[in-house]
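Reading the structure
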Amino acid sequence: MKKKTTFIKAVSVILAAIMLFGVCTSSAFAYSEVIEKRKTQKEEARAALADEIVAAARAQIGFYENNINKFTSWYYGYDTDAYWCTVFVSWCADQVGALGTAVPKRAACSSMKNWFKTRGEYYPASSSYIPQKGDIVFLNTAVDGSDDIHHVEIVTQSGFITKNRTVNIRSIGGNTSDLNYNGSEYVTEKYRPVNGSRAAVVGYAHPSYDKSTGIIGASYSFADDNCPAFFKYIYAKMLEMLFRIENFFEYCTKPIRIKAEA
């Protein structure tokens, strides 16, 4: 009797292990599918919001006013004479719901750069990073070869553009000159050199626009309709596996229990 009981237990364990392996295998495939889907969702969400922030900036092209304007008033809450290139970037982010989650509310170029740097989203111009539409570009308008940052703008086109043998990026900025490089109170879209004697780009920030859409960081319950399919799948499979193990154990031990009760 003892040998028979041991055999039944061993068979139960083996079959349970086989079922568990099946669940884990199918779960792994489901997990990879969920991860791939989530990655696609993130990329699509980021691209959509990048388009929106560029559109918000582009709608302001042609704006001309002194340093007391709607952007500085939005930032400070009152009329004040202040530089506003960084403020302009924050204002555009606010228009599309990305302020605070993807882009900070800042008035100083270096402060905005540091915010992205602490999040691992800042890339020096000397790196291999290729700027994307919706990125923030940090510029040294003195073009003195240093990493000092004097100006920030929003990248409007992914990748680099070669023009007259110079590699450029294209971006929109506020508190800058017009296309003839007159004044400094305009919103304009320009080519900014990345190489050569007039190279002005110091680095780029790649904002996590997907975080502004709620795709990342949400909490779920298994009963929630918004719960990712993967978690619902795992939960259902685990319950199914436990139910099968319980039924199998009941079936295997039934003769023993009947004999013991008799």
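The structure this text deals with has already been given above.
The text that follows walks through the structure, step by step, so that each part is easy to find. Computed from a predicted structure; not experimentally measured.

**What about helix H4 (residues 109-118)?**
- Here H4 has its buried residues at Cys-109, Met-112, Lys-113, Trp-115 and Phe-116. What you see down the axis of H4 is that its buried residues fit within an arc of 155°, all on one side. Facing away from the buried side of H4 by over 90 degrees, the exposed positions are Lys-117 and Thr-118.
- Looking at the buried residues of H4, the elements they touch are helix H3 (85-95), strand S1 (122-124), strand S2 (136-139), strand S3 (151-155) and strand S7 (201-205).
- Just downstream of H4, Gly-120 is the residue with a positive phi angle, here 75°.

**A short note on the nonpolar core**
- If you look at the biggest cluster of nonpolar residues, it comprises 35 residues, and the most contacted ones within it are Phe-116, Ile-136, Phe-138 and Tyr-209.
- The element that contributes the greatest number of residues to this core is H3, accounting for 7 residues.
- Ignoring sequence-local partners within four residues, the contact set of Tyr-209 consists of Arg-46, Leu-49, Ala-50, Ile-53, Ala-98, Ala-102, Val-103, Gly-134 and Ile-136.
- Residues Val-143, Ile-169, Ala-200 and Val-201 belong to the second largest nonpolar core, which totals 9 residues.

**Concerning the pattern of salt bridges**
- Summed over the entire model, instances satisfying the criterion amount to 6 salt bridges.
- One salt bridge connects Arg-46 with Asp-135, and the closest N-O pair in it is separated by 2.9 Å. Of this pair, Arg-46 sits in helix H1 (residues 2-58) while Asp-135 sits in the loop between S1 and S2, placing them 89 residues apart in sequence.
- With relative accessibility at 10%, the residue Arg-46 sits in the buried group.
- With a closest N to O distance of 2.9 Å, Lys-133 and Asp-51 form a salt bridge. Of the two residues, Lys-133 sits in the loop between S1 and S2 while Asp-51 sits in helix H1, which places them 82 residues apart along the sequence.

**Here's the deal with the packing of aromatic side chains**
- As enumerated under the stated definition, the model contains 15 aromatic pairs in all.
- A ring pair is formed by Tyr-122 and Phe-138, whose centres lie 5.7 Å apart and whose planes are at 70°; its orientation type is edge-to-face. Taken together, the residues span a long stretch of sequence, with Tyr-122 in strand S1 and Phe-138 in strand S2 at a distance of 16 residues.
- Look at Tyr-122 and you get buried, because its relative accessible area is 12%.
- Chaining the aromatic ring pairs together yields one cluster made of Phe-63, Phe-71, Trp-84, Phe-88 and Trp-91.

Rules used in this analysis
Residues numbered from 1 in each chain as written. Predicted model: local features only at pLDDT ≥ 70, side-chain atom pairs only at ≥ 80, totals over all residues. Heavy atoms only, no water. Buried < 20%, exposed > 50% of the residue type's maximum accessible area, 1.4 Å probe, protein only. Helix = DSSP H or I, 4+ residues; strand = E, 2+ residues; numbered from the N terminus. Arc of directions from axis to C-beta. Contact = heavy atoms within 4.5 Å. Core = buried A, V, L, I, M, F, W, Y, C linked by side-chain atoms within 4.5 Å. Salt bridge = Lys/Arg side-chain N within 4 Å of Asp/Glu carboxyl O. Phe/Tyr/Trp six-rings, centres within 6.5 Å; stacked < 30°, edge-to-face > 60°.

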